[in-house]
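Structural overview for review
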Amino acid sequence: MGISTKEIAEVIKERLKDFDASLVATDVGRIVATSDGIAQIYGLQNAMAGELLEFPRDTYGLALNLEEDQVRAVILGEFGHLHEGDEVRTTGRLLEVPVGEELIGRVVNPLGVPIDGKGPIKTTKTLPIEKIAPGVITRKRVDSPVQTGIKAIDAMIPIGRGQRELIIGDRFTGKTTVLLDTIINQKGKDLRVPPRRSRKTARWTTRSSSPPPRLTPHR
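A short tour of the structure in this document, coming up. (Residues numbered from 1 in each chain as written. Predicted model: local features only at pLDDT ≥ 70, side-chain atom pairs only at ≥ 80, totals over all residues. Heavy atoms only, no water.)

This part is about the overall build of the protein chain. Check the secondary structure of the protein chain and you find three helices and 13 strands. Of all 219 residues assigned to the protein chain, the portion counted as buried reaches 26%. The contacts of the protein chain with a sequence gap of at least 6 include a subset with a gap of at least 24, amounting to 52%. When the accessible area of the protein chain is evaluated, it comes to approximately 16100 Å², of which 55% is carbon and sulfur surface. (Helix = DSSP H or I, 4+ residues; strand = E, 2+ residues; numbered from the N terminus. Buried < 20%, exposed > 50% of the residue type's maximum accessible area, 1.4 Å probe, protein only. Contact = heavy atoms within 4.5 Å. Areas by Shrake-Rupley, 256 points an atom, 1.4 Å probe, with all protein chains shown as cover.)

On to the side chain of Thr-148, then. In this structure, Thr-148 sits in the loop between strand 9 (126-128) and helix 2 (151-156). Separated by 3.1 Å, the side chain of Thr-148 and the backbone nitrogen of Ile-150 make a polar contact. When neighbours within four sequence positions are excluded, Thr-148 is seen to be in contact with Ile-153, Asp-154, Ile-159, Asp-181, Thr-182, Asn-185 and Gln-186. (Polar contact = N/O pair within 3.5 Å; in protein donor to acceptor, adjacent residues only side chain to side chain.)

Strand order in the closed barrel formed by six strands is 1-2-5-4-3-6, and the pairing between neighbours is antiparallel. Taking each pair of neighbouring strands and ignoring which way they run, the sheet shows an average axis angle of 45 degrees. The pairing of strand 4 (residues 59-66) with strand 5 (residues 71-76) spans six bridges and is antiparallel. Across the sheet, Asn-65 pairs through a bridge with Arg-72, a residue of strand 5. (Pairing = 2+ DSSP bridges. Axes fitted to C-alpha atoms, helices over the stretch in contact; angles between N-to-C directions.)

What follows covers the pattern of salt bridges. Once the charged atoms of two side chains with opposite charge are near each other, the side chains can pair. Applying the stated criterion across every chain yields a total of five salt bridges. In this structure, Arg-72 engages Glu-67 in a salt bridge whose closest nitrogen and oxygen atoms are separated by 2.6 Å. Residue Arg-72 is classed as partly exposed on the basis of its relative accessible area of 27%. A residue is classified by how much of its surface remains accessible, and Glu-67, at 34% relative accessible area, is partly exposed. Between Glu-96 and Arg-93 there is a salt bridge, with the nearest N and O atoms lying 3.4 Å from each other. Overall, the relative accessible area of 26% leaves Glu-96 in the partly exposed class. Each of the salt bridges in this network shares a partner with another, and the network as a whole consists of Arg-30, Glu-87 and Arg-89. (Salt bridge = Lys/Arg side-chain N within 4 Å of Asp/Glu carboxyl O.)

Let us now look at unusual backbone geometry. Positive phi, close to 60 degrees, is recorded for Arg-57, a residue that is not glycine. Among the structural elements, Arg-57 can be located in the loop between strand 3 (51-55) and strand 4. Located in the positive-phi region is Asp-58, a residue other than glycine, with phi close to 55 degrees. Inspection of the secondary structure assignment puts Asp-58 in the loop between strand 3 and strand 4. Judged by its relative accessible area of 69%, Asp-58 is exposed.

Time to look at the pairing of strand 5. With burial as the criterion, only one face of strand 5 is covered, namely that bearing Val-71, Ala-73 and Ile-75; the residues Arg-72, Val-74 and Leu-76 on the opposite face remain uncovered. Where strand 2 (residues 38-42) meets strand 5, four bridges bridge the pair, whose relative direction is antiparallel. What sits directly across from Ile-38, in strand 5, is Val-74.

Turning our attention to the environment of Lys-175. By secondary structure assignment, the location of Lys-175 is in helix 3 (residues 175-185). A distance of 2.8 Å separates a polar atom in the side chain of Lys-175 from the backbone oxygen of Asp-170.

Moving on, we get to the nonpolar core. Counting residues in hydrophobic clusters, the biggest one holds 13 residues, and the most contacted among them are Ile-41, Leu-44, Leu-53, Phe-55 and Val-88. Counting only elements with at least two residues in this core, the list comes to strand 2, strand 3 and strand 5. Every residue in contact with Leu-44, bar those within four places of it in the chain, is listed here: Asp-27, Val-28, Gly-29, Leu-53, Val-71, Val-88 and Thr-90. (Core = buried A, V, L, I, M, F, W, Y, C linked by side-chain atoms within 4.5 Å.)

As structure tokens, this is what we get:
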């Protein structure tokens, strides 16, 4: 018994009724060259500055230089497997990382992907890395002190909770030691350490102990 064309048409129509696919607009380009973690990409005409770019094998990059005929991007991760001619896609998203209580005590890479073997981070909240800071008027007043645990500093320099401090000094003068001692001194207090990046391991870490008042070392 043969199947009529009418029956085939009815089956196709029935399938199309339940078909649902979202339309995704994306630009596709090709790698022209890679060197020292920097990729030159041709074809991404609508890429945004600071946009997250998708490379092969779940590798991502950050679009920085938007030139007339190409885009230069920083590859966030291993780049040895990327070669000239590989496909690159825009994502339509600026570089962002997950945030929330679920990150406390976890070790993540610069993209917020966990690398501590404890499974995925169950949070749906994200914030862009590049964000305009709130104005001075709208910020909460600094009204609580923070002790570093170093008597000389606590006696001479008043440091407020939420206040930023700049540490300037030559190499090997103890800038990192001051920061670490301040972090340790906040243990058991109602403060938290923000994610920080290790220069040696290139990883972001969060700790359940408390933070310094965002002491930021500058060289």
